[in-house]
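# Observations on chain architecture
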Number of protein chains: 2
Amino acid sequence: MKDVRIIEIKESVFADNDRDADALRAELAGKGVFLLNLMSAPGSGKTTTLTRTIEALKDELRIGVMEADIDSDVDAKTIAATGVKAIQLHTGGMCHLDADMTRQGINALGVEDVDLAILENVGNLVCPAEFDTGASANVMILSVPEGHDKPLKYPLMFEVCEAVLINKIDVLPYFDFDMTQVEEHIHMRNPNAVIFPISAKTGEGIEAWANWLADKVRGARQNAIS
Amino acid sequence: MKDVRIIEIKESVFADNDRDADALRAELAGKGVFLLNLMSAPGSGKTTTLTRTIEALKDELRIGVMEADIDSDVDAKTIAATGVKAIQLHTGGMCHLDADMTRQGINALGVEDVDLAILENVGNLVCPAEFDTGASANVMILSVPEGHDKPLKYPLMFEVCEAVLINKIDVLPYFDFDMTQVEEHIHMRNPNAVIFPISAKTGEGIEAWANWLADKVRGARQNAIS
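Being a predicted model, the structure only gives us computed values, none of them experimental. (Residues numbered from 1 in each chain as written. Chains lettered and ligands numbered in written order. Predicted model: local features only at pLDDT ≥ 70, side-chain atom pairs only at ≥ 80, totals over all residues. Heavy atoms only, no water.)

## Re the nonpolar core
- By size, the foremost hydrophobic cluster in this structure holds 90 residues, and its most contacted members are Ile166 of chain A together with Ile166 of chain B.
- Excluding residues within four positions of it along the chain, Ile166 of chain A makes contact with Leu142, Val144, Phe177, Met179, Val182, Ile186, Ile195, Phe196, Pro197 and Ile198 of chain A. (Core = buried A, V, L, I, M, F, W, Y, C linked by side-chain atoms within 4.5 Å. Buried < 20%, exposed > 50% of the residue type's maximum accessible area, 1.4 Å probe, protein only. Contact = heavy atoms within 4.5 Å.)

## Regarding the packing of aromatic side chains
- For the structure on display, the rule yields 8 aromatic pairs over all chains.
- For the ring pair Phe196 of chain B and Trp212 of chain B, a centre distance of 5.9 Å and an interplane angle of 65° mean the geometry is edge-to-face. One end of the pair, Phe196 of chain B, is in strand β8 (residues 194-197); the other, Trp212 of chain B, is in helix α9 (residues 206-225), with 16 residues separating them in the sequence. Trp212 of chain B carries the same exposure label as Phe196 of chain B, and that label is buried.
- Centroid distance Trp209 of chain B to Trp212 of chain B: 5.9 Å. Interplanar angle 25°. Geometry classified as stacked. In this pair, Trp209 of chain B and Trp212 of chain B are both assigned in helix α9, 3 residues apart and thus about one turn of the helix distant.
- For Trp212 of chain B, a relative accessible area of 16% translates into the label buried.
- Members of the aromatic cluster, connected to one another through ring pairs, are Phe196, Trp209 and Trp212 of chain A. (Phe/Tyr/Trp six-rings, centres within 6.5 Å; stacked < 30°, edge-to-face > 60°. Helix = DSSP H or I, 4+ residues; strand = E, 2+ residues; numbered from the N terminus.)

## Examining helix α1 (residues 18-31) of chain B
- An ideal rise of 1.5 Å per residue puts 20 Å on 14 residues; α1 of chain B measures up with 20 Å between its terminal C-alpha atoms.
- Gly32 of chain B sits one or two residues past α1 of chain B and shows a positive phi near 75°. (Expected span 1.5 Å × (residues − 1).)

## Overview of helix α9 (residues 206-225) of chain A
All names here are of chain A.
- The end-to-end C-alpha distance of α9, which contains 20 residues, comes to 29 Å, matching closely the 28 Å that a straight helix rising 1.5 Å per residue would cover.
- For α9, the set of buried residues is Ile206, Trp209, Ala210, Trp212, Leu213, Ala214, Val217 and Ala220.
- Tucked inside the fold, the buried residues of α9 contact β2 (34-40), α2 (46-57), β5 (116-120), β6 (137-143), β7 (163-167) and β8 (194-197).

## Some points on empty space enclosed by the protein
- Enumeration according to the criterion identifies 1 cavity of 30 Å³ or more in this entry.
- Around the largest cavity, the lining comprises 13 residues; the ones closest to its centre are Ser143, Pro145 and Glu146 of chain A together with Ser143 and Glu146 of chain B.
- Split by residue class, the lining of the largest cavity holds 4 nonpolar, 5 polar and 4 charged. (1 Å grid on protein atoms, 1.4 Å probe; cavity = no way out; pocket = protein on both sides within 12 Å on 5 of 7 lines; lining within 4 Å. Points joined across faces, edges and corners; volume = space filled by probe spheres on them. Nonpolar A, V, L, I, M, F, W, Y, C, P; charged D, E, K, R; others polar.)

## Notes on the packing of α2 of chain A against α9 of chain A
Residue and element names in this part refer to chain A.
- Between α2 and α9, whose axes approach to 10 Å, the crossing angle comes to 70°. With respect to each other, α2 and α9 are oriented roughly perpendicular. Regarding α2 and α9, the two cross each other, and that crossing is right-handed. Along its contact with α2, which presents Thr49, Arg52, Thr53, Ala56 and Leu57, the element α9 presents Ile206, Trp209, Ala210, Leu213 and Ala214. (Axes fitted to C-alpha atoms, helices over the stretch in contact; angles between N-to-C directions. Parallel < 35°, antiparallel > 145°, perpendicular 65-115°, else oblique. Left-handed = near helix turned anticlockwise from the far one by under 90°.)

## What to know about unusual backbone geometry
- Although it is not a glycine, Lys168 of chain A sits at a positive phi angle of roughly 65°.
- Along the polypeptide, Lys168 of chain A turns up in the loop between β7 and α8 (179-189).

## A word on the side chain of Asn17 of chain A
All names here are of chain A.
- Relative to the helices and strands, Asn17 resides in the loop between β1 (5-8) and α1 (18-31).
- Classification of Asn17 by relative accessible area gives buried; the value is 7%.
- For Asn17, the contacting residues outside a window of four places in its chain are Asp98, Ala99, Phe131 and Asp132.

## Describing the pairing of strand β3 (residues 63-69) of chain B
Residue and element names in this part refer to chain B.
- With 7 of its 7 residues buried, β3 lies for the most part within the structure.
- In this sheet, strand β5 (residues 116-120) lies alongside β3 in parallel orientation, the contact comprising 5 bridges. Considered in β5, the bridge of Ile63 is made with Leu116.
- In the sheet, β3 pairs with strand β4 (residues 85-90) via 6 bridges, with the strands oriented parallel. Bridging from a neighbouring strand, Asp69 pairs with His90 of β4. (Pairing = 2+ DSSP bridges.)

The analysis is restricted to geometry; functional conclusions fall outside its scope.
Listed below in structure tokens is the structure:
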């Protein structure tokens, strides 16, 4: 293929909210609350994955969920139906959550009776990656239909996540999705990223992911006690 | 399902770039150049759809493409391989293009020999909808695996687009995607939106969409002459 011209267009709109994020993270660590920031593109299956994850963990852990969305409250209703504490955060058109918004969410949710707080971020592979929410861990979902080239195009999202769930593996036969290539692309962005192939629809692979998450939550609780 | 609490979190980061957009739109109209702003979530098939659209129209229209991406130049290479003029715009981490960035792109592309200029915006259903690029028309792609509920969750994107391409209809049998419901949801956001079910993979439905677009481009050329 012939070479193309590349024009750089740069602009900075990213506020420094690192201090707020660090303060929130330290506060939650002191309370033994593990905050998971779950990110993905629209339609990757965040809410269905959460429903499966809650089913796997709710007998052992006390879970609270913050569903961020620009509009609508369909996701929070779905999560509330699982029996765990759930609130909807409306971002008022905003494309991401920052640490201050997350703190407002945490205050509204209440974490005195929560071991695992989950923030379902706005469906977006760009902006949420730019803003540290104060989470204990960032995790993202990439779904098979989106294609294995996404780590090439949304580098920061893959860099900031310590685990990547590859969702919708039940439809692998119908898409040109190369699991070996996606793993290579993800590890190019983040050599330490843990990868979990899952199907939130069928439940395949959920156990391994839920065990990994539960270990993290237990570690946070242990650290707060000791 | 039980009711959930809704917390409103608002913040404004949207710059007013309407004047720049109107100026660019008027300038392009005077030259008889039609600028299409194509938007979608990551992995909806923008580049493949563009390749098919170019194949359908390149004998009749002179086409130039601006591929916006945070990183990488894979898409511009793919488009350049079709034989049309293509440049890559790197947004430097930015999640959308505004009118000023689009003007920089138009200047770099050069539209003296172009009837149809296409901006492939950053893969994102939120931010690109907020910023008028100065385009003659906004069009978006929603792909079947993303789900028919997306107009409920990303309202503005559906409001600002005059046509919606429903891509990946070849995998309809494998997803719980309701075509009747998605049309209702889209028309709730925008009663005038034209909907084209397509498969960029198989080529199904591309002709109807390409004809609609070509009519628009011919109209713009006619207006500039008269």
